[in-house]
Amino acid sequence: MKDDLEYEPLNSKTLPERLKNLESITSLIGNKSEEWKVTEVGDGNLNLVFVVEGKQASLIVKQALPYVRLVGDSWPLPLSRSFFEHEILCRQGERDPGSVPQIYYFNKKQAIIVMEMLSPHVILRKKLIAGEYVNGLGKTLGNFCARTAFRGSDLSLSTKEKKKDTALFQGNDELMAITENLIFTDPYFEAEMNHHTEGLEPVIKTLRSDVSLKQEVQHMLLKFTSNTETLLHGDLHSGSVMCTDSETKIIDPEFGFYGPMGFDIGMLISNFLMAYFSQPGHRTENTLEEYQNWILSTIEEIYSTFISEFSNLWRNERQGILFPKSLFENQGHSSEGALNGVLNHIWSDALGVCGIEMHRRILSLAHNADFEEIADLKTRAELEARNLIMGRQLILERNQIKDIQAIQSLARKYNSEKHL
Ligand code: SR1
Ligand code: MG
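So, here is what we can say about the structure in this document. Bear in mind that the values here come from a model prediction, so they are computed numbers and not experimental data.

**Some words on the packing of aromatic side chains**
- On inspection of all chains with the given rule, the structure shows 17 aromatic pairs.
- An angle of 80° between the planes, with centres 5.4 Å apart, marks the rings of Phe150 and Phe310 as edge-to-face. Here Phe150 is found in helix 5 (residues 137-151), whereas its partner Phe310 is found in helix 11 (residues 285-317), with 160 residues between them in sequence.
- With relative accessibility at 0%, the residue Phe310 sits in the buried group.
- Here the aromatic rings of Phe306 and Phe310 are separated by 5.6 Å at their centres, their planes lie at 25°, and the arrangement is stacked.

Right under this line is the structure:
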């Protein structure tokens, strides 16, 4: 494909014509483009996604659209998000090898990323709704969050590299604006694109009339807009994770930005909590308790793995400007107290983000299939109410809640209460 071709959204007919002369692609799936089977499979909020099947192999072609797919062309969105997605995938692949799909080809002007076909992987959210188990899920996700948080931060990078990269990613501003509005602000007032399940009004009223809650959320937004601690995935929910029953890969980092180290892990835990609260809408008493317990144990595994890998990197790879060894180990002083301070700060930010994400997926524009697929609205509203109230407690008490076991206990408590 020539780089000077004008951007054009692909379809299953034009795709083979446009990609057939690329060696990086034909070497994998064959050069008889007329034999390729092309299927558009995208069901996300923003992009086109094609599976291209050749005789021996398949691959994924992802192309950004110049607007938000979920809403339509009345909401334009820059194609440059594809550039940022490619940049961040490369960094994630270096910082946590094997965690993201392999990239075969990138074209900035066409906003196209051609990557490894993950098969038989399925989107994690679908597995959680179906009640399926994934071995090693918590470990892979905890390691990913720790390695990307640490290795993208001032604990690891040189000043020059970090500042240059931070400046580059400020260019992803329109995607950050979506997060600022849809996640941090819209849930807390009657924003135009908001929608919610009928019957939730009393709980929504409680949240929107809580001034301390709004203040705390805006303090979290202040961190989002100002603290460039590390390069984040930016949208790490269960729809951005693909799994078999024993392998886990992370996809879709187009919302990548430099922000607080607790952001990704907070959003991730939030999506497991939403999966947890929604379970009574998906299965019967027979398997419900066991599966909910597995979700809570996975949350525990994510966070304990995060702490242990972050601590390991702190002890063995700390080479950036922050907490330098020259001030601690080289003076015979322990840096373990400083490590605990950093972990506490990450934890409290993670809890804040976790609670806010629990709110936005129920009150703002983009909802979660975990709840949306519950057809009985009364059941759905009751389960969403539990999730909303727990989210509020996480935001307000993020500096007091001690550990992941406290989160498990809170989830069990709210899961057994009625709020409507
Ligand atoms: C308009 S985009 C809405 C949401 O979809 C993406 O997956 C992000 O989560 C974003 O907030
Ligand atoms: Mg996405």
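We are not done yet, so read on.
**Observations regarding the pattern of salt bridges**
- A full pass over the atoms with the stated rule returns 31 salt bridges.
- A salt bridge links Glu8 to Arg18; its shortest N-O distance comes to 3.6 Å. Taken as a pair, Glu8 in the segment before helix 1 (14-19) and Arg18 in helix 1 lie far apart in primary sequence, 10 residues in all.
- In this structure Arg18 comes out as buried when scored by relative accessible area, which is 15%.

**Topic: the layout of surface pockets**
- Its boundaries defined by the atoms lining it, the second largest pocket holds a volume of some 160 Å³.
- Lining of the second largest pocket is provided by Tyr303, Ser304, Ile307, Leu343, Asn344, Trp347, Lys402, Asp403, Ile404 and Gln405.
- Those elements giving two or more residues to the lining of the second largest pocket turn out to be helix 11, helix 12 (336-363) and helix 15 (404-415).
- Its residues assigned to classes, the lining of the second largest pocket shows five nonpolar, three polar and two charged.

**A few points about the sheet that holds strand 3 (residues 58-64)**
- The antiparallel open sheet is built from five strands, whose spatial order is 1-2-3-7-6. Of all strands in the sheet, those with a lone pairing partner are strand 1 (37-40) and strand 6 (103-107), marking the two edges. Averaged over all neighbouring strand pairs, the angle between strand axes comes to 20°, with direction disregarded.
- Of the strand pairs in this sheet, strand 2 (residues 47-53) and strand 3 are connected by seven bridges, and their pairing is antiparallel. The residue of strand 3 that forms the bridge with Glu53 is Ser58.

**Side note on the site of ligand 1**
- Near ligand 1 you find Asn45, Leu46, Val68, Trp75, Leu182, Asp235, His237, Phe255, Arg360, Arg361 and Ala366, and these make up its full shell.
- Here an oxygen atom of ligand 1 sits 2.8 Å away from a polar atom, N or O, in the side chain of Arg360.
- Between Arg361 and ligand 1, the recorded distance is 3.2 Å, taken from a side-chain N or O atom to an oxygen atom.
- Across the shell around ligand 1, the residue classes break down as six nonpolar, two polar and three charged.

Rules and cut-offs
Residues numbered from 1 in each chain as written. Chains lettered and ligands numbered in written order. Predicted model: local features only at pLDDT ≥ 70, side-chain atom pairs only at ≥ 80, totals over all residues. Heavy atoms only, no water. Phe/Tyr/Trp six-rings, centres within 6.5 Å; stacked < 30°, edge-to-face > 60°. Helix = DSSP H or I, 4+ residues; strand = E, 2+ residues; numbered from the N terminus. Buried < 20%, exposed > 50% of the residue type's maximum accessible area, 1.4 Å probe, protein only. Salt bridge = Lys/Arg side-chain N within 4 Å of Asp/Glu carboxyl O. 1 Å grid on protein atoms, 1.4 Å probe; cavity = no way out; pocket = protein on both sides within 12 Å on 5 of 7 lines; lining within 4 Å. Points joined across faces, edges and corners; volume = space filled by probe spheres on them. Nonpolar A, V, L, I, M, F, W, Y, C, P; charged D, E, K, R; others polar. Pairing = 2+ DSSP bridges. Axes fitted to C-alpha atoms, helices over the stretch in contact; angles between N-to-C directions. Near = heavy atom within 4 Å. Polar contact = N/O pair within 3.5 Å; in protein donor to acceptor, adjacent residues only side chain to side chain.

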